[in-house]
Amino acid sequence: KRVAILISGGGSNMIKLVESMTGDHPARPVIVGSNDPQAAGLAHARALDVPSFAIDHRAYPGDRAGFEAALLEPLLAARPDILCLAGFMRILTPDFVQRFQGRILNIHPSLLPKYPGLHTHRRAIEAGDAQAGASVHLVTPELDAGPILGQVRVPILPGDSAETLAARVLVQEHRLYPQVLRRFAQGDQRPITLTAA
Ligand code: GRF
C-alpha cells in the first residue's frame, strides 16, 4: 500500500509513521505534503528520503477549493492508497474527503467523541477529567467525527498544564498511529485501545 502523509508543523507523528513502514510492513510512504512551506516536518521527510511538497494555503485566501485543487495535484501524482493526516491543521472540504472516501486517517488529541476541534487538552483539564488521550479515526466530511480505529488513554495528573498533558499524549500518539496504520493497511478496521505504557 502507498501512503501519503499531510502535515502542518513538526511532523512528529509523520516521522513515527514513516519509521514504522519497514520490513514486512504492508505499506510504504510515498509522499509527505504540507500546507506550510516552513513546516519543520518537511526537512524531516527529506532526511527520511520521502519525497515532499508544500502548497501554501495562504496563497489561496478565501479559496479553499483552489487550495485543495493545488494540493490534490502532487498528492494524486503519488498514487496513494491511504492518506494519513498527521498534525494537519486545515479542514478539508467534503469534496476532497469524498475523493479519498474511506481511505483518509486522522489523529486527534482527545478521546473522541469528546472535544472535537481545538484546545482539547485545556478543555479536558478544565472539565476536571481524569483521563485524556488521542484517537485515530477515518475522516468523513464532518470534522473529527468518523469511525474510530484506535484510541489511547492517558491520565491527567494533578498540576497538569495543557502543555504537560499534550507532551504526555503526544508520546502515546506515536505508539497508536503506527499500530492503527499497520492494521488498516492490512484491511483490518477493528478498533484498538491502548493504555499508556
Ligand atoms: C499535536 O498536537 C498532535 O496532538 C496533533 O497535532 C499536533 C502536532 O503533531 N496530532 P505533529 O508533531 O506535527 O505530528
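Just so it is clear, the model here is predicted, and its values are computed rather than measured.

**Thoughts on the UniProt feature "binding site: N(1)-(5-phospho-beta-D-ribosyl)glycinamide" (unreviewed entry) in the protein chain**
Then, in step 1: Feature annotation in UniProt assigns "binding site: N(1)-(5-phospho-beta-D-ribosyl)glycinamide" (unreviewed entry) to the following positions: Gly11, Ser12 and Asn13.
Then, in step 2: Within the secondary structure, glycine 11 is located in the loop between β1 (2–7) and α1 (12–20).
Then, in step 3: Residue class for glycine 11 comes out buried when judged on its relative accessible area of 9%.
Then, in step 4: Within the secondary structure, serine 12 is located in helix α1.
Then, in step 5: By relative accessible area, which is 25% here, serine 12 ends up partly exposed.
Then, in step 6: When near neighbours in sequence (up to four residues on either side) are disregarded, serine 12 contacts Leu170 and His174.

**Digging into helix α3 (residues 64–77)**
Then, in step 1: With 14 residues, α3 should cover 20 Å at 1.5 Å per step; its first-to-last C-alpha distance of 20 Å lies within 8% of that length.
Then, in step 2: Listed in full, the buried residues belonging to α3 are Gly66, Phe67, Glu68, Ala70, Leu71, Leu72 and Leu75.
Then, in step 3: Where the residues of α3 are buried, they touch β1, β2 (28–34), β3 (52–54), β4 (82–85) and α4 (94–99).
Then, in step 4: The first or second residue beyond α3 is arginine 79, which carries a positive phi of 50°.

**Section: the site of the ligand**
Then, in step 1: Near the ligand the following residues occur: Gly10, Gly11, Ser12, Asn13, Gly87, Ile107, Pro109, Leu170 and Glu173.
Then, in step 2: A distance of 2.9 Å is found between an oxygen atom of the ligand and a backbone nitrogen or oxygen belonging to glycine 11.
Then, in step 3: Elements that contribute at least two residues to the shell around the ligand include exactly α1 and α6 (162–185).

Conventions used here
- Residues numbered from 1 in each chain as written.
- Predicted model: local features only at pLDDT ≥ 70, side-chain atom pairs only at ≥ 80, totals over all residues.
- Heavy atoms only, no water.
- UniProt positions renumbered as here; feature names shortened; annotations may be inferred.
- Helix = DSSP H or I, 4+ residues; strand = E, 2+ residues; numbered from the N terminus.
- Buried < 20%, exposed > 50% of the residue type's maximum accessible area, 1.4 Å probe, protein only.
- Contact = heavy atoms within 4.5 Å.
- Expected span 1.5 Å × (residues − 1).
- Near = heavy atom within 4 Å.
- Polar contact = N/O pair within 3.5 Å; in protein donor to acceptor, adjacent residues only side chain to side chain.

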